[in-house]
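Residues per chain are reported as follows:
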Amino acid sequence: MDTFDAIKTRRAVKKFDSTYKMTPEQVKSLMELTILSPTSYNQQNWRFVTVTDQSVKEQISKAARDQAQPKDGSLVIVLCGNMNAWKEDPLRYWKDHPVEKQEIVAKALSRKYLDSPQNRRDEAMRSCGFAAQTIMLAAKQMGLDSCPMVGFEYDELAKIIKLPEDHLIVMMVVVGKAAEPANPRGGQLPLSDVVFENSF
Ligand SMILES: Cc1cc2nc3c(=O)[nH]c(=O)nc-3n(C[C@H](O)[C@H](O)[C@H](O)COP(=O)(O)O)c2cc1C
């Protein structure tokens, strides 16, 4: 599928075909593509919980205020940020480059995140945002559909996925086969409302 077509046909699907199951190979391919998403300093601070177990998906639907997508979709991906990624063996983020480069990046990470929980949190949001879009566009290319979701009880979902203390949940993306087309688009704002040339 052409990239433009994937962008245009990706929609937030509300009704998934509960009989459709992705294969483990499909899930692996999707995640291999997902980790090619960009992150600042290549710190790869996202962590993904992939859920295919029906009973866990049902618990997630419950935590999502009884929305059906998690239980009916084939795969639920919970996108989380690791708040300590910046300091967890940071040389590995440039392992294929000379050690001098690795050390420069490690110092830069420390400068930016050591004293700033806000920076750590912002970075998790940015990284997971890109990863979510990669998931949804790659799913289209694989002939699948998706729904991004934040309508869930945070503490309940954290308990279900056993979220570590130094991680936070950013969102989830459900992937599967649509049983029904998405609702008609809400209506996009005109470019003139959202794009400003050279300055606001
Ligand atoms: C961060 C985020 C959270 C969302 N949460 C939900 C959700 O909990 N349930 C749902 O049905 N749709 C959810 N959506 C889907 C949006 O309603 C949908 O993306 C928006 O209406 C635009 O429609 P489209 O994605 O089909 O273009 C969410 C979307 C985003 C980006």
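In this report, the structure presented in the accompanying data block is examined. Just so it is clear, the structure is predicted and the values come from calculations on it, not from any experiment.

### Section: the site of the ligand
Close contacts around the ligand come from Arg 10, Arg 11, Ala 12, Lys 14, Gln 67, Gln 69, Cys 147, Pro 148, Met 149, Val 150, Gly 151 and Arg 185, and that covers them all. A distance of 3.0 Å separates an oxygen atom of the ligand from a polar side-chain atom of Gln 69. Val 150 places a polar main-chain atom, nitrogen or oxygen, 3.0 Å from a nitrogen atom of the ligand. When the free accessible area of the ligand is taken as 620 Å², the share hidden by the protein chains comes to 61%. The biggest single contributor to the shell around the ligand is strand β3 (residues 145-149), with three residues. Per-class residue counts for the shell around the ligand are five nonpolar, three polar and four charged.

### Re helix α3 (residues 54-63)
Every α-helical turn comprises 3.6 residues, leaving residues that sit three or four positions apart pointing alike. Within α3, burial applies to Lys 57, Ile 60, Ser 61 and Ala 63. All buried residues of α3 project into a common sector of 160 degrees when viewed along the axis, lining one side. Next to the buried residues of α3 lie β1 (46-51), α4 (69-72), β2 (75-82), α7 (154-160) and β4 (167-176).

### Remarks on the sheet that holds β3
One open sheet holds the four strands; their spatial order is β1-β2-β4-β3, and the pairing between them is antiparallel. Pairing within the sheet leaves two strands with one partner each, and these edge strands are β1 and β3. For this sheet, the mean inter-axis angle between neighbouring strands, taken without regard to orientation, is 25 degrees. Here helix α6 (residues 117-141) sits on the sheet and contacts β1, β2, β3 and β4; the angle it forms with β4, its principal contact strand, is near 10 degrees.

### Observations regarding the environment of Gly 151
Position of Gly 151 relative to the elements: it lies in the loop between β3 and α7. Note on Gly 151: relative accessible area 18%, which makes it buried. Along the primary structure Gly 151 and Met 172 are separated by 21 residues, whereas in three dimensions their C-alpha atoms are 9.2 Å apart. Among all residues touching Gly 151, those that are not within four sequence positions of it are Ala 64, Arg 65 and Gln 67.

### Things to note about helix α2 (residues 24-34)
Within α2, the full set of buried residues consists of Gln 26, Val 27, Leu 30, Met 31 and Thr 34. Along α2, the residues classed as buried sweep out an arc of 130 degrees about the axis, all on the same side. Those residues of α2 that are exposed and aimed more than 90 degrees away from the buried face are Pro 24, Glu 25 and Lys 28. Structurally, α2 contributes buried residues whose contacts are with β1, β2, α6 and β4.

### Describing the packing of aromatic side chains
To describe a pair of aromatic rings, one takes the distance between the centres and the angle between the planes. Scanning all chains against the criterion turns up two aromatic pairs. Here Trp 46 and Phe 48 contribute two aromatic rings whose centre-to-centre distance is 5.4 Å and whose plane-to-plane angle is 35 degrees, an arrangement assigned as tilted. The class of Trp 46 is buried, set by a relative accessible area of 4%. Ring plane angle 35 degrees and centroid distance 4.4 Å describe the contact between Phe 196 and Phe 200, whose orientation is recorded as tilted.

### What about a nonpolar patch on the surface?
Where nonpolar side chains cluster on the molecular surface, the patch consists of Leu 189, Leu 191, Val 194 and Val 195 and spans about 410 Å² of accessible area. The exposure class assigned to Val 194 is partly exposed, which follows from its relative accessible area of 45%.

### As for the side chain of Asp 145
Of note, Asp 145 is situated in strand β3. Judged by relative accessible area, Asp 145 falls into the buried class, the value being 16%. Looking at Asp 145, its side chain comes within polar contact range of the main-chain nitrogen of Ala 178, at 2.9 Å. Setting aside residues no more than four positions away along its own chain, Asp 145 makes contact with Val 13, Phe 16, Ala 139, Lys 140, Val 174, Val 175, Gly 176, Lys 177 and Ala 178.

About the cut-offs
- Residues numbered from 1 in each chain as written.
- Predicted model: local features only at pLDDT ≥ 70, side-chain atom pairs only at ≥ 80, totals over all residues.
- Heavy atoms only, no water.
- Near = heavy atom within 4 Å.
- Polar contact = N/O pair within 3.5 Å; in protein donor to acceptor, adjacent residues only side chain to side chain.
- Areas by Shrake-Rupley, 256 points an atom, 1.4 Å probe, with all protein chains shown as cover.
- Helix = DSSP H or I, 4+ residues; strand = E, 2+ residues; numbered from the N terminus.
- Nonpolar A, V, L, I, M, F, W, Y, C, P; charged D, E, K, R; others polar.
- Buried < 20%, exposed > 50% of the residue type's maximum accessible area, 1.4 Å probe, protein only.
- Arc of directions from axis to C-beta.
- Contact = heavy atoms within 4.5 Å.
- Pairing = 2+ DSSP bridges.
- Axes fitted to C-alpha atoms, helices over the stretch in contact; angles between N-to-C directions.
- Phe/Tyr/Trp six-rings, centres within 6.5 Å; stacked < 30°, edge-to-face > 60°.
- Patch = residues over 30% accessible without salt bridge, like charges linked within 9 Å, V, L, I, M, F, W, Y side chains within 5 Å.
- Salt bridge = Lys/Arg side-chain N within 4 Å of Asp/Glu carboxyl O.

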